[in-house]
Amino acid sequence: MNPFAWARAEILHTAWKRGLYQPPDRRVLEHEILAELARDATVERVLFVGVQWYTTRYPTHFTGASPPKTFATIDPAPNVAQFGGKPHAVGQIQDLAQHFPDVVFDAIVMSGVIGFGLNDPPEVDRALAACAKALRSGGWLVLGVNELKPTHVDPKKSPASKDFEPRAFGKRGQDRIDVALPFRERRHTFLFWQKR
Ligand SMILES: C[S@@+](CC[C@H](N)C(=O)[O-])C[C@H]1O[C@@H](n2cnc3c(N)ncnc32)[C@H](O)[C@@H]1O
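**Side note on the packing of aromatic side chains**
Here's step 1: Tallied over the full model, the rule gives 11 aromatic pairs.
Here's step 2: Between phenylalanine 48 and tyrosine 58 the ring centres are 5.4 Å apart and the planes differ by 80°, which places this aromatic pair in the edge-to-face class. Taken together, the residues span a long stretch of sequence, with phenylalanine 48 in strand β1 (residues 45-49) and tyrosine 58 in the loop between β1 and α3 (60-63) at a distance of 10 residues. Grouping residues by exposure puts phenylalanine 48 and tyrosine 58 together as buried.
Here's step 3: With a centroid separation of 4.6 Å and 0° between ring planes, the pair formed by phenylalanine 169 and phenylalanine 192 is classed as stacked.

In structure tokens, the structure reads:
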């Protein structure tokens, strides 16, 4: 990263933490993807994987819907539970069935998790298999990945990806959205898969 790009990224990070800036991938995630799922009458139960200080507003899109929808969350780090939805589980997505037994989700959103802790191909496969098991047929799996990150694992190469098919999502009508980032990661990609 050249020094100007680095300095710009530092300034934008600070502005983001102070609530003065929202990165472009966050805008797409919150105002297009989550807003679309919240509007969709066939989506009542959503699972959001991995929470942080910058995800705290996300549940409001669902809890504020009429009628209110469920925005469940899961993250293995106990110190981020305060940022979770309701219900929130402390655990890994691979062990979803242990934490939410018998819950059938209409959509699962897992952005910034593959390559950000979930970095091992067999574990990515377990995670996708757990999502497939918990989703209803036709339910959405929205993956957010940084394909240029060295720790990235391609979910399309995972055997469990056979349980899903790419499908056009929302107003853009695409099964994939690439968002350029002003940060070191350079690009964030959303993949829209539907459970077969
Ligand atoms: C970069 S943050 C992404 C937060 C959020 N998902 C988002 O909108 O980008 C990565 C989060 O994923 C969590 N995480 C890492 N491995 C995980 C796993 N196997 N299951 C669930 N969450 C995991 C981390 O604890 C961390 O809070």
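**Looking at the pattern of salt bridges**
Here's step 1: One pass over the full model with this rule turns up 14 salt bridges.
Here's step 2: Aspartate 95 is the salt-bridge partner of arginine 126, the closest N and O atoms lying 2.7 Å from each other. Here arginine 126, found in helix α5 (residues 121-134), pairs with aspartate 95, found in the loop between β3 (88-90) and α4 (96-99); they are 31 residues apart in sequence, far enough to count as distant.
Here's step 3: Connected through salt bridges with shared partners, the residues Glu147, Arg176, Asp178 and Arg187 form a single ionic network.

**Regarding the nonpolar core**
What tends to happen in soluble globular proteins is that the nonpolar side chains get buried as a cluster.
Here's step 1: Of all hydrophobic cores here, the largest spans 30 residues; its most connected members are Leu47, Ile93, Leu96, Ile108, Met110 and Leu141.
Here's step 2: Going through the elements one at a time, β1, β2 (70-75), β4 (105-111), α5, β5 (135-145) and β8 (187-195) are the ones with two or more residues in this core.
Here's step 3: With 7 residues, α5 is the single largest residue contributor to this core.
Here's step 4: Not counting the four nearest positions on each side in its chain, leucine 141 is found in contact with Ile108, Leu128, Cys131, Leu135, Phe164, Leu191, Phe192 and Trp193.

**Digging into the site of the ligand**
Here's step 1: The ligand sits among 20 residues. The nearest are Arg26, Gly50, Gln52, Asp75 and Ser111.
Here's step 2: The separation between an oxygen atom of the ligand and a polar main-chain atom of valine 51 is 3.2 Å.
Here's step 3: One of the side-chain nitrogen or oxygen atoms of aspartate 75 is found 2.6 Å away from an oxygen atom of the ligand.
Here's step 4: Bound to the protein, the ligand loses 89% of the 600 Å² it would expose on its own.
Here's step 5: Elements represented by at least two residues in the shell around the ligand include exactly α2 (24-39) and β1.
Here's step 6: Here the residues of the shell around the ligand sort into 10 nonpolar, 8 polar and 2 charged.

**Quick word on helix α1 (residues 3-17)**
Here's step 1: Between its first and last C-alpha, α1 extends 21 Å over 15 residues, near the 21 Å set by a 1.5 Å rise per residue.
Here's step 2: Considered for burial, the residues of α1 that qualify are Ala9, Leu12, Ala15 and Trp16. All buried residues of α1 project into a common sector of 125° when viewed along the axis, lining one side. Among the exposed residues of α1, those oriented more than 90 degrees off its buried face are Pro3, Ile11 and Lys17.

**As for the environment of valine 142**
Here's step 1: Positionally, valine 142 belongs in strand β5.
Here's step 2: Overall, valine 142 belongs to the buried group, its relative accessible area being 1%.
Here's step 3: Those residues within four positions of valine 142 in sequence are excluded, and the remaining contacts are Ile33, Ile108, Val109, Met110, Phe190, Leu191 and Phe192.

So, how was this worked out
Residues numbered from 1 in each chain as written. Predicted model: local features only at pLDDT ≥ 70, side-chain atom pairs only at ≥ 80, totals over all residues. Heavy atoms only, no water. Phe/Tyr/Trp six-rings, centres within 6.5 Å; stacked < 30°, edge-to-face > 60°. Helix = DSSP H or I, 4+ residues; strand = E, 2+ residues; numbered from the N terminus. Buried < 20%, exposed > 50% of the residue type's maximum accessible area, 1.4 Å probe, protein only. Salt bridge = Lys/Arg side-chain N within 4 Å of Asp/Glu carboxyl O. Core = buried A, V, L, I, M, F, W, Y, C linked by side-chain atoms within 4.5 Å. Contact = heavy atoms within 4.5 Å. Near = heavy atom within 4 Å. Polar contact = N/O pair within 3.5 Å; in protein donor to acceptor, adjacent residues only side chain to side chain. Areas by Shrake-Rupley, 256 points an atom, 1.4 Å probe, with all protein chains shown as cover. Nonpolar A, V, L, I, M, F, W, Y, C, P; charged D, E, K, R; others polar. Expected span 1.5 Å × (residues − 1). Arc of directions from axis to C-beta.

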